[in-house]
Amino acid sequence: MDIDIVIPYVTLDDPVWFDTLAHACNQEHEEFSPERYRSFDTLMYWFRGVSKMMPWVRKIHLLVSSKSQVPDWLKK
């Protein structure tokens, strides 16, 4: 039985998304912490691990808010 995986993904490299997030947090009186969204490029290794160790995965869907959120290393 094959399965699909869906991953929501955001990065602070997109200035438009960053400004939108900071503005929303300020409006909700929440503390904005950019450290929560740091990228250590672990997603690249996660994809490799899934392809090697999880043969039952049919597709992986990466959910992003805009084209500027797609990692540079990802083969489209």
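Residues numbered from 1 in each chain as written. Predicted model: local features only at pLDDT ≥ 70, side-chain atom pairs only at ≥ 80, totals over all residues. Heavy atoms only, no water.

Enquirer: Sorry, what's going on with the pattern of salt bridges here?
Expert: Side-chain pairs of opposite charge can arise where the charged atoms are in close proximity. Counting across every chain of the model gives one salt bridge. The salt bridge partner of arginine 58 is aspartate 4, with a shortest N-O separation of 2.8 Å. Of the two residues, arginine 58 is situated in strand S2 (residues 57-63) and aspartate 4 in strand S1 (residues 3-8); the sequence distance between them amounts to 54 residues. (Salt bridge = Lys/Arg side-chain N within 4 Å of Asp/Glu carboxyl O. Helix = DSSP H or I, 4+ residues; strand = E, 2+ residues; numbered from the N terminus.)

Enquirer: Teacher, can you tell me more about the layout of surface pockets here?
Expert: One simple way to see leftover space: roll a probe sized like a water molecule over the atoms. Each pocket or cavity is described by its volume, and for the largest pocket that value is around 190 Å³. Looking at the largest pocket, it is lined by eleven residues, and the ones nearest its centre are Tyr9, Arg38, Ser39, Thr42 and Leu43. Grouping the constituent residues of the lining of the largest pocket by class yields six nonpolar, two polar and three charged. (1 Å grid on protein atoms, 1.4 Å probe; cavity = no way out; pocket = protein on both sides within 12 Å on 5 of 7 lines; lining within 4 Å. Points joined across faces, edges and corners; volume = space filled by probe spheres on them. Nonpolar A, V, L, I, M, F, W, Y, C, P; charged D, E, K, R; others polar.)

Enquirer: Mind showing me how you'd approach the nonpolar core here?
Expert: Across soluble globular proteins, you tend to see nonpolar side chains buried next to one another. Grouped together as the largest cluster of nonpolar side chains are seven residues: Ile5, Ile7, Tyr9, Leu43, Phe47, Val50 and Val57. Secondary-structure elements contributing two or more residues to this core are S1 and helix H2 (42-53). If you tally residues by element for this core, the top one is H2, at three residues. Aside from chain neighbours lying at most four places away, what touches isoleucine 5 is Trp46, Val50, Val57, Lys59, Ile60 and His61. (Core = buried A, V, L, I, M, F, W, Y, C linked by side-chain atoms within 4.5 Å. Buried < 20%, exposed > 50% of the residue type's maximum accessible area, 1.4 Å probe, protein only. Contact = heavy atoms within 4.5 Å.)

Enquirer: Would you explain the packing of aromatic side chains in this entry?
Expert: Working definition: an aromatic ring pair is given by the centre-to-centre distance plus the angle between the planes. Applying the stated criterion to the full structure yields two aromatic pairs. Measuring from centroid to centroid gives 5.5 Å for tryptophan 46 and phenylalanine 47, while their planes differ by 80°, and the two rings are edge-to-face. The exposure class assigned to phenylalanine 47 is buried, which follows from its relative accessible area of 16%. With 6.0 Å between their ring centres and 65° between their planes, phenylalanine 47 and tryptophan 73 make a pair best called edge-to-face. Here phenylalanine 47 is found in helix H2, whereas its partner tryptophan 73 is found in the segment after S2, with 26 residues between them in sequence. Every member of this aromatic cluster is reached through a ring pair, and the members are Trp46, Phe47 and Trp73. (Phe/Tyr/Trp six-rings, centres within 6.5 Å; stacked < 30°, edge-to-face > 60°.)

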